[in-house]
Every structure is written in structure tokens, then in C-alpha cells.
Amino acid sequence: MNIAIASGKGGTGKTTISTNLASYLAESDNVVLADLDVEEPNSKLFLDTELIHKEDKFKMIPEWIEDKCTLCGICQKVCNYHAVIQLGPSILVFPELCHSCYACSELCPDNALPMIPLKMGELAHYKKGNLDFIESRLEIGQELAVPLIAQTIDYVNEKFSDKYIKIYDSPPGTSCPVIEATKDADFVILVTEPTPFGLNDLKLAVETMQELKKEFGIVINRNGLGNAGVEIYCEENNFPILAKIPNSKEIARLYSNGNLIYHQIPEMKASLEKIKQHIYKVWEGLNR
Amino acid sequence: MGGLEPMKEIVIISGKGGTGKTSVTSSFAILAGENAIVADCDVDAADMHILMQPDFEKTEDFYSGELAVINQDDCTQCGVCADVCRFNAIPVINGQYIVNPLSCEGCGYCARVCPTNAITNIDLKVGKWFISNIKTGTTMVHAKLGIGADNSGKLVTKVKNEAKQLAKEQNKDYVLIDGSPGVGCPVVSSLSGAHFVVLVTEPTVSALHDLKRVYKLVKKFNIKAGCIINKWDINEKTGNEIKEYLKEEGILHIADLPYEESFTKAMIQGKAVVEIGESKVAELLKESWETIKQSLT
């Protein structure tokens, strides 16, 4: 089954939940965790796993072959992203604007714009015990996260059967990258914090999941900080609160050092157990 | 206010989310008062309006990109559109080719090859942007990106350019920009043209990791940078690592803010931390704002 961990707001604890939950579940199940926050991936910092495979990831961009080009101008006309521009007697390609739609390449009457691979990032596969961990990181200067997220999900689906619990740590926000990271999820865990910013961004995340018609549950992190706004919102709308993780300086310290929390904080372990039971229930529902 | 000095654009970013960008930006907005135009460029999860009490005086729809729409009356089910689509955005549903709006990237390839011209591209409304009067007696430009929308970089650029234009017209000294997390499109858009970058971080391994990545991007733009370490006392060792890094890179170390709940307390009252009582954090942010202003002269 596929579980996505998401949040509207950044820094609410997505990675904390993802890494602790994946490690905890791996004590009893086969688990694969994929860090899809490819702009700023940092799950690896919390996991003691060994690298077993690494590969470069590419996106396809057109390359101009001057000798074949008749400067007919079709490529520029068909590119909706202004990634191919005719400037005097030459064609310029702007790779960072290219969405790899192939229109310029395939509609060129002279085959003067063949598609070639451009490195956009790296995928790494780590493993320890029952836990497989996949991380992709976008090259600095590459602006489009979605193609790398899509290729990372493809990698996970090729390597692992449906018998695995697949956990996807999503990027923050509600735009394209989040949709890409959550669209195949059977269940989404929304992580928030009980503050006005947390509530505002949780509402955005909920709207997004409702639009995608996803079943979701909410984890309140740093519970005790702030006010009751988030809880009231969840109660009024009958959104399940899967767990509440206490606001604690000790948790903040463990996190700051790159340590998993649940080995040392019993409340964290209890919270993970609650989430696990909820996941099992969803899973049973899927298999029925 | 104004004078001969040109307006300065200050961007606040962090790489990692949740380190305190918006709380810091809001405090600077209060401290700058009427001297600044404020721009919330975190259009994907905008929060600054919660503290700035905007009146949404002007609201406009923002269109960017296109979406393919198939006119079923003209469609002959030949399937060429689905064949050329690299985004698997045209599945067959109940015997009809239908464009999935969440997958369509608006490249327009399908419409160009459809033999019966059954496909049109419509302009896509991806969000709204606003110009508001705010409680500091100045103007804020902000936005709300639609769900699943692309192009947050373009909406960011729109918000920023509107803010700059207003700053010029009203002869303001500063444009204060709350950036978004990450290192992709939206951040690139908020950085271009800036005079100073404030990096807000915290002493955690993940925040330091993200800081290093986003600073690589800042270096490409050749912008002067300073750093505020929030909650510096939760981890002295990582805090010192950050300080070493700042020194190595020649980043101005602006301040260390202690771990206090004053940010959250202020937020609950709809205020920036510099507006409520006296706290160590408020005092340090006042000093920080002076430091930033000085380094811009």
C-alpha cells in the first residue's frame, strides 16, 4: 500500500514522522520509504542505512543540430514554455524552462532537434533490515521538481511489490510537486502544528486532499504549543486525529542531532503504534 | 523616507520550511513600518496575512499556462493526442478521450496534431493576487496559488514585481519579501534582483543541510547574505557548525535567537513578536533589522 506524508506548511514534522514511522513499521513489516522532497531531502540524516545503489536521473531536452536546421521557425512556434527561441541564424534551447513535451523535436520537419538526456538529479537506494530507503536530490539550478519525483516513484514501483508498505515523504505546499507525490497514495497523513500558521496551511492541505479524493488523517505535532484551533477544526469536520506528539525540548534536541525519537521517548512510540493500527485498518479495507 | 538612495529589496528564505521565515519577515515589516512595501512570495502556503491584517483592497485573478480541452463532438477517437502526450494526461474514460487537468502540463502538442482540430487550449487560472493596506500603514502584495497549480514561480514574480512597482511609485526605501522553502522555481523567482538575502535557520542537522543547498543557489545570484539562527540554544554543537559554515562562506552572522515560545504567543494574538511585550527575541530582532539596514548602505 502507498502512504504519503504531507503538510501545507513546511517544518511541521513530515520528515520526523516519515523516518520514525518507517523505522518503527520496519520492525514488523517490509517497508520502503521514499524522500520525495527532492529540493531539500533530509530523511537520510535520520536513518542508519547502507547505500546499495546510486544512479543519475535525467530529463530529456532538445539539442539543436545546426547542419540539419533550415530555420523554419516551427520549433519556436510550438514551444509553449519559451524554452526554444530562434535568435537570428541560430536556435537557442533553455533547458531549465523545458518540460520535455517533445513537441519541438517531433514536429521539426528536418529532425534538427533530437532529444538528449540532461542530468537533473541523483537517486540513491539505501537499505537496512526490513527498511529500504530511496532518496532523490535535485541538482542546484534545476527548477522543476516534478519529473524527478515522477521518476523516483517509478523506481519504487518497479523494485517493490504491493506487499510493501510504501511511505512517501512529500514536499511542502499544495502545488504540482505535492500532487505528484500524493496522487497514487491510498492514504495520506497530514502533519500539522497547533498554531494559526499550522491551521491555515492544514486547511490548504485538506482542500488539496479533498480535491484529489484522498482518504487522510491528521497528526498534530508539538501538541501543547499554541492553541486549540487545529483540534476544534478537526472535530468540527470529523477529520480523524491519528496521534498527538507532545511539544518537547527533548524531542527537539534528538531531532536536531539527527536521531530517531521513538527509541527514547515512549509517547512517540505510542503515537506511532496508533498510526500503525490505523494504517493496518486502511490496508485491510484495500484488500477486501 | 525615500531620498536619493534607490529602493532596496530584501528577501527572507531558509531552504527548510518552518524555521521562522514568516515570523522574522513580519517583525521586520513592523519595524520598517511605512518605509517598506511587503510582499508575501510564499504563494503556495502564504501565512503572512495572519499577522498583517490585510484588507484585500484589490483582488485579481492570475492566469498562467494552458490546459487542453477536447471537444467530444469533433473527436473521432483516433488517439493521436494520447500517443503524443508525454504526461499521460489523456486517458480513455468510458470510451472517450478526456484530459486529466492535474496531469496536463499545457504544452499544446495534442492540439497541434489533432487531425480534426477537436482540441483547444484554454488559459488556466492558477490563483489570485491581492494588494492590501496593512496595519503598519503601508501596502502588502500577496497571493493564493490554486490547488495543484503549476508555475508558482510566475505568480511569485508577479507579486514581487507589483511590490517593486509600488515601492518605486510611493518612494519607499525597502521591499521586504517573504520567500518560500526549497531550491526550485519559486525560490529562484524570489531571489532574482534582490539586494540582500536573510537566511533563517535553526541548529538542526536538517536545517543546516538545507541551508547549504539554498546558499549554493544564492551564490549563483551573487547576492549579499546574512543569517539568523533561530532556537540556537537547542543544539550548541550544530549551532557552532552553522557558525563555522557562515564564516567559511563569508555570510554575515546577524543574530542568535533563543528558543522561546514568544513567536507562537504573538502569532496566536495575530501579531509579530516585536509587537508583544519585551522578549529577548524581540530585542534581538530589532538589533538585526538595524544590522541589515546598515549593511545595505
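Here is what the cut-offs are and how they apply
Residues numbered from 1 in each chain as written. Chains lettered and ligands numbered in written order. Predicted model: local features only at pLDDT ≥ 70, side-chain atom pairs only at ≥ 80, totals over all residues. Helix = DSSP H or I, 4+ residues; strand = E, 2+ residues; numbered from the N terminus. Buried ≥ 20, exposed ≤ 12 C-beta atoms within 10 Å, placed from the backbone. Contact = placed C-beta atoms within 7 Å. Pairing = 2+ DSSP bridges. Axes fitted to C-alpha atoms, helices over the stretch in contact; angles between N-to-C directions. Parallel < 35°, antiparallel > 145°, perpendicular 65-115°, else oblique. Nonpolar A, V, L, I, M, F, W, Y, C, P; charged D, E, K, R; others polar. Domains from an automatic or database assignment. Core = buried A, V, L, I, M, F, W, Y, C linked by C-beta atoms within 7 Å.

Caption draft 1: Structural view of the overall build of chain B. When helices and strands are tallied, chain B shows 10 helices and 11 strands. Each principal axis of the C-alpha distribution contributes one length, and for chain B these read about 70 × 45 × 35 Å. Taking all 297 residues of chain B together, 55% fall into the buried category. Considering only intrachain contacts with a sequence separation of at least 6, the fraction spanning at least 24 residues in chain B is 76%.

Caption draft 2: Quick look at the pairing of strand β8 (residues 174-178) of chain B. Residue and element names in this part refer to chain B. Burial analysis of β8 places five of its five residues in the buried class, the great majority of the element. Judged by which residues are buried, β8 turns out to be covered on both faces: Tyr174, Leu176 and Asp178 on one side and Val175 and Ile177 on the other are all buried. In the sheet, strand β1 (residues 8-13) pairs with β8 via five bridges, with the strands oriented parallel. Of the residues in β8, the one forming a bridge with Glu9 is Val175.

Caption draft 3: Representation of the packing of helix α6 (residues 196-211) of chain A against helix α7 (residues 229-237) of chain A in the model. All names here are of chain A. The geometry of α6 relative to α7 is characterised by a closest axis approach of 9 Å and an angle of 30° between their N-to-C directions. Considered as vectors, α6 and α7 are oriented roughly parallel to each other. Facing Pro196, Gly198, Leu199 and Leu202 of α6, the residues of α7 in contact are Gly229, Val230 and Tyr233. Per-class residue counts for the contact of α6 with α7 are five nonpolar, two polar and no charged.

Caption draft 4: Quick peek at the domain arrangement of chain A. For chain A, the domain assignment lists domain 1 (2-56 + 123-287) and domain 2 (64-113). Using C-alpha coordinates to define each centre, domain 1 of chain A is positioned 40 Å away from domain 2 of chain A.

Caption draft 5: Representation of the nonpolar core in the model. Residues Ile3, Ile189 and Leu190 of chain A together with Ala39, Val159 and Leu176 of chain B are the most contacted members of the largest nonpolar core, which totals 149 residues. Those residues within four positions of Ile189 of chain A in sequence are excluded, and the remaining contacts are Ile3, Ile5, Ile17, Gly217, Val219, Leu242 and Ile275 of chain A. Membership of the second largest hydrophobic core comes to 30 residues, among which are Ala103 of chain A together with Phe87, Tyr109 and Cys114 of chain B.

Caption draft 6: Expanded view of the sheet that holds strand β10 (residues 224-229) of chain B. Residue and element names in this part refer to chain B. The strand order across the open sheet formed by nine strands is β3-β6-β7-β2-β8-β1-β9-β10-β11, and the pairing between neighbours is mixed. Pairing within the sheet leaves two strands with one partner each, and these edge strands are β3 (58-70) and β11 (252-256). Across the sheet, the mean angle separating the axes of adjacent strands is 20° when strand polarity is ignored. Sitting on the sheet, helix α1 (residues 21-32) touches β1, β2 (36-40), β8, β9 (196-201) and β10, and the angle it makes with β8 is about 160°. Across the sheet, helix α7 (residues 205-221) touches β1, β9 and β10, and the angle it forms with β9 is around 165°.

Caption draft 7: Local environment of the domain arrangement of chain B. Residue and element names in this part refer to chain B. Taken domain by domain, chain B consists of domain 1 (8-53 + 134-295) and domain 2 (63-125). Of note, the centres of domain 1 and domain 2, computed from C-alpha atoms alone, are 41 Å apart. The partner domain 2 presents five residues to the six residues of domain 1 that form the contact. Within the side of domain 1 that touches domain 2, the residues separate by chemical class into one nonpolar, three polar and two charged.

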